[in-house]
Amino acid sequence: GAGNIAGKFVDAVRHVNGCDVVAVASKSMERAENFARQFEITKYYDSYETMLQENRIDCVYIATTPNFHYELTKLCLAYNIPVLCEKAMFMNFKEAESVFSESKRKGIFVMEAMWSRFLPAIQKAKQWMDEGKIGETKYINCVISYAFDPIKNSRNFDPALGGGAAFDLTVYSYELTDYFW
């Protein structure tokens, strides 16, 4: 994908020695080309499969809307390419079960890009919880709030695209509650 979050990912990759973004694909050639120019990526495509066929890729980062995550993750697995996929990774349990069973069977790494789990404050809190430094966990309360402009951010309100609180924001609460518990 060639959206805003993909740009943030490219910026982050530039801070990792030995890591490069070698290609970008989008449903739109214009978006792919504009993204490639903005981030100085030499190869861009309007076909995800063509990108996989024409490049030696060590891993794919999927940053499309969630309704495409399953299809694109399965495509990467068909090419034996590890995947880091944005949240919400899948639209339902059946998709998750299918991908993770295939990933395990083939021995190919697949992970949801849940950045909040890796924040230093979260890591420290988890460490203290595991060490019993802050007592026994009996209750976890997560509150997430974010103001979206329904006009500018229409995809955030479209359930068919994986928008809505359950897929777009509440996944952080689910993930952190599971991680801490």
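Preceding this section is the structure that the text describes.
Cut-offs used in this document
Residues numbered from 1 in each chain as written. Predicted model: local features only at pLDDT ≥ 70, side-chain atom pairs only at ≥ 80, totals over all residues. Heavy atoms only, no water. Core = buried A, V, L, I, M, F, W, Y, C linked by side-chain atoms within 4.5 Å. Buried < 20%, exposed > 50% of the residue type's maximum accessible area, 1.4 Å probe, protein only. Helix = DSSP H or I, 4+ residues; strand = E, 2+ residues; numbered from the N terminus. Contact = heavy atoms within 4.5 Å. Pairing = 2+ DSSP bridges. Axes fitted to C-alpha atoms, helices over the stretch in contact; angles between N-to-C directions. Expected span 1.5 Å × (residues − 1). Arc of directions from axis to C-beta.

Chemist: I keep staring at the nonpolar core and nothing clicks. Help me out?
Modeler: Nonpolar side chains tend to gather and get buried jointly when the protein is soluble and globular. Of all hydrophobic cores here, the largest spans 22 residues; its most connected members are Met-51, Leu-52 and Val-60. Taken together, the elements giving at least two residues each to this core come down to strand 1 (23-25), helix 3 (48-54), strand 3 (60-62), helix 4 (69-78), strand 4 (83-85) and helix 5 (93-106). Of the residues forming this core, the biggest block, four residues, is contributed by helix 4. Residues contacting Val-60, with those up to four places away along its chain left out, are Leu-52, Cys-76, Ile-81, Pro-82, Val-83 and Leu-84. Listed in part, the 11 residues of the second largest apolar core include Ala-2, Ala-6, Ala-36 and Phe-39.

Chemist: It is not clear to me how the side chain of Glu-175 should be interpreted in this structure. Could you clarify?
Modeler: As for its placement among the helices and strands, Glu-175 is situated in helix 8 (residues 170-180). By relative accessible area, which is 15% here, Glu-175 ends up buried. Each residue touching Glu-175, except ones within four places of it in the same chain, is listed here: Met-114 and Arg-117.

Chemist: Looking at this structure, I do not really get the sheet that holds strand 4. What am I missing?
Modeler: Across a sheet, paired strands are connected by hydrogen bonds in the backbone, their directions being either parallel or antiparallel. Judged by pairing direction, the sheet is parallel, and its three strands sit side by side in the order 3-4-5 without closing on themselves. The two strands at the open ends of the sheet, each matched to only one other strand, are strand 3 and strand 5 (110-112). Direction aside, neighbouring strands of the sheet carry axes that sit 15° apart on average. Bridge analysis of strand 4 against strand 5 gives three bridges, and the strand direction is parallel. Looking at strand 5, one finds that Leu-84 is bridged to Met-111.

Chemist: How should I be thinking about helix 6 (residues 120-131) in this particular structure?
Modeler: Helical geometry note: an α-helix holds 3.6 residues per turn, so side chains three or four residues apart project in the same direction. With 12 residues, helix 6 extends 16 Å from end C-alpha to end C-alpha; this agrees with the ideal 16 Å at 1.5 Å per step. Taken residue by residue, helix 6 has Ile-122, Lys-126 and Met-129 as its buried positions. Projected down its long axis, helix 6 carries its buried residues within an arc of 65°, all on one side. Exposed and oriented more than 90 degrees from the buried face of helix 6 are Pro-120 and Ala-121. Buried positions along helix 6 lie against helix 8. Gly-132 sits one or two residues past helix 6 and shows a positive phi near 75°.

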